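# Secondary and tertiary structure notes
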Amino acid sequence: MTIRGKAHIAGAYEHPDRKIPDSSIAQVHAEVALGALADAGLSLRDVDAYFCAGDAPGFGPVSMADYLGLARLRYTDSTETGGSSYVAHVGHAAAAIATGKCRVALITLAGLPRSQPVPRPSASALAPEAGFEQPFGPTTVSMYALAARRHMHEYGTTSAQLAAIKVAASQHAQHNPRAMLRKPVTVDEVLDSPMISDPLHRLDCCVISDGGGALVVVAPEVAADLPRQTVKVLGHGESPKLTAGGRIDLTYTGAVWSGPRAFTEAGVTPADVDYASIYDSFTITVLQAIEDLGFCEKGKGGAFVADGALLAPHGRLPFNTDGGGLCNNHPVNRGGMTKVIEAVRQLRGEASAPVQVPDCEIALVNGNGGSLGTRSAAATLILGREDA
Amino acid sequence: MTTPGAALPAPAPAVNPETTQFWAATAAGRLLVKRCQDCEHLIWYPRVICPECSSLRTEWLQVSGRGSIYSYTVNHRGEGAYQGSPPFVLAYVELDEGPRVMTNIVETDDADLAVGLPVEVVFHDTGAGPALPRFRPRRS
Ligand SMILES: [Zn+2]
């Protein structure tokens, strides 16, 4: 059995603010939950399944369920795979709905790293790898830099090619009034920005923002009664990418497995994808994912992106039309939620007009959590327009 | 730019009963990995179970401490114990015996860094017993 067509995304909501100085984290979860339910034409009373990840304050899904008054839950899931969690949650919600476990699933993300900066929870000293990694000073950027360097070494990828990914994101962000970085940048401006951890410059990195988002995934019979255009869940795949007992390979991601699983379930191929939301914690994250998902040959991602492929609306693979994490926002350093939301906008024809992909029927969402420099978890979704 | 080992912080690692022997060996200037007695996989990071074949029959093995750079980066923005440190080199070194290990490259000029550069282990005392296995360009 598959989840193809067995669940619909009926509501999607992105918090409008990028800095939220006077709220609690739970409060922002509530705001986005209400926003997504209102978008769907539903209320908290309709929710019978709740999904959240490590950003939710308190005890797994229980504290937020209690805060929100979700008294009718019969299904919960707090799968935590970093930024890809929410992409995975959509697949899990669809599977639960397909098997009759629930009918209306709410997924929330929220956090305030700009307004309430807390020290990044360093990998717990109890993690089995801790002693063999933390003493050497790995940071998020430097770990991705290791992946970028090795990709450059094996495939001849250049910093200018990576910069083309930021350039495309910035071209899209200029049409998003809420984006943090709205000014289009050039390849040279990316290369001239300060080096953070070579070969990654400041402009190879995503922004840091407060914010959040929420999704409502419903059974087809629920969707049929709603006034709003919904989006069909067609396929889903996941995979961790591990360090292989000391034989880590920094040139690919778990999308080499999650992608084919999602495509197979959906019954489509990369050539069928009209729009792609690709998690963009760093430029190299996008480059590796594009190759791993089969949009180009492995190692040819640099040439692919440098050729304008990512530019909406007419590139070969229009991506991240809200400006993505590279330019728009990156709530709680977890980009999967906003990736799903922008794909929903595209499939509803509600993206910003200059970047709306014409006749957008099939969208892909790819999330990656953890670190490309060590261990990570990929999740891929294929979504379709309501009539797909 | 020189990255002298002495200038780098050497924070103490988290040690647990599974890794006590590894860190005791570092204090004596020896680099150990785990070897699976069933499938002969050399396991990094060290652990009781073999992630290749699920065997629990694993043993400590001293390796040469020689290898080459698999990937590296000069990090200009240290965090935690490295906050405010001068730029330093984070790397994976592929040991001659196979495993790829996270480490720092020291005693090097950034201009000399390259994937494939032959390196050898040096141990930096953390002041807490264990010493950190770092690597410098090979001299012999
Ligand atoms: Zn084994």
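Cut-offs used in this document
- Residues numbered from 1 in each chain as written.
- Chains lettered and ligands numbered in written order.
- Predicted model: local features only at pLDDT ≥ 70, side-chain atom pairs only at ≥ 80, totals over all residues.
- Heavy atoms only, no water.
- Donors = N, O, S within 2.8 Å, 3.2 Å for Na, K, Ca; no water.
- Tetrahedral: all angles 85-135°; square planar, octahedral: opposite > 155°, others 65-115°.
- Buried < 20%, exposed > 50% of the residue type's maximum accessible area, 1.4 Å probe, protein only.
- Helix = DSSP H or I, 4+ residues; strand = E, 2+ residues; numbered from the N terminus.
- Contact = heavy atoms within 4.5 Å.
- Pairing = 2+ DSSP bridges.
- Salt bridge = Lys/Arg side-chain N within 4 Å of Asp/Glu carboxyl O.
- Buried area = accessible area lost by both parts, 1.4 Å probe.
- Polar contact = N/O pair within 3.5 Å; in protein donor to acceptor, adjacent residues only side chain to side chain.
- Nonpolar A, V, L, I, M, F, W, Y, C, P; charged D, E, K, R; others polar.

Six octahedral donors around a metal ideally sit at 90 or 180 degrees from one another, while four tetrahedral donors ideally sit at 109.5 degrees. All names here are of chain B. The coordination sphere of the zinc ion contains the protein donors Cys 36 (SG), Cys 39 (SG), Cys 50 (SG) and Cys 53 (SG), at a distance range of 2.3 Å. Each of the 4 donor atoms bound to the zinc ion contributes to angles spanning 104 to 115 degrees, and the resulting shape is tetrahedral. Under the relative-accessibility criterion, Cys 39 is labelled partly exposed at 34%. Residue classification places Cys 53 among the partly exposed positions, given a relative accessible area of 32%.

Here Arg 150 of chain A lies in helix 5 (residues 140–155). Excluding its chain neighbours within four sequence positions, the residues that come into contact with Arg 150 of chain A are Leu 250 and Thr 251 of chain A together with Tyr 70, Ser 71 and Val 115 of chain B.

With that settled, the discussion passes to the sheet that holds strand 2 (residues 42–43) of chain B. Residues and elements named next belong to chain B. Read across the open sheet, the 3 strands follow the order 2-1-3; overall the sheet is antiparallel. On the outer flanks of this sheet lie strand 2 and strand 3 (58–62), each paired with one strand and no other. Summarising the sheet, strand 1 (residues 32–36) and strand 3 pair through 5 bridges and their orientation is antiparallel. Considered in strand 3, the bridge of Arg 35 is made with Glu 59.

A few words now on the pairing of strand 4 (residues 104–111) of chain A. Residues and elements named next belong to chain A. Burial analysis of strand 4 places 8 of its 8 residues in the buried class, which makes it a mostly covered element. Alternating positions in strand 4 separate into two faces, Val 104, Leu 106, Thr 108 and Ala 110 on one and Ala 105, Ile 107, Leu 109 and Gly 111 on the other, with burial throughout. In the sheet, strand 2 (residues 49–51) pairs with strand 4 via 3 bridges, with the strands oriented parallel. From the neighbouring strand, Ala 49 faces strand 4, where its bridge partner is Ala 105.

A few words on the pattern of salt bridges. Close approach of charged atoms lets side chains of opposite charge pair. Residues and elements named next belong to chain A. Counted by the stated rule, this structure contains 29 salt bridges over all chains. As a salt-bridge pair, Lys 298 and Glu 291 come within 2.9 Å of each other at their nearest N and O atoms. Across the pair Lys 298 and Asp 292 runs a salt bridge, and its minimum N-O distance is 2.8 Å. Residue classification places Lys 298 among the partly exposed positions, given a relative accessible area of 27%. For Asp 292, a relative accessible area of 7% gives the class buried. Put simply, Glu 14, Arg 18, Glu 342 and Arg 345 are held in one network by salt bridges that share partners.

Okay, the interface of chain A and chain B next. Of the residues lining the interface, 37 residues belong to chain A; the matching set on chain B comes to 38 residues. Regarding the contact of chain A and chain B, the summed buried area is about 3,200 Å², with carbon and sulfur atoms giving 60% of it. Of all residues in chain A, the largest losses of buried area upon contact with chain B belong to Phe 132, Phe 136 and Arg 247 of chain A, amounting jointly to 25% of the total for that side. For the interface between chain A and chain B, the tally reads 0 salt bridges. Scanning the region where chain A abuts chain B turns up 19 residue pairs in polar contact (both at pLDDT 80 or more). Those elements that place two or more of their residues in the side of chain A that touches chain B are helix 4 (130–133), helix 5 and strand 5 (195–197) of chain A. With 8 residues, the top contributor of residues to the side of chain A that touches chain B is helix 5 of chain A. A breakdown of the residues in the side of chain A that touches chain B according to their chemical character gives 16 nonpolar, 10 polar and 11 charged.

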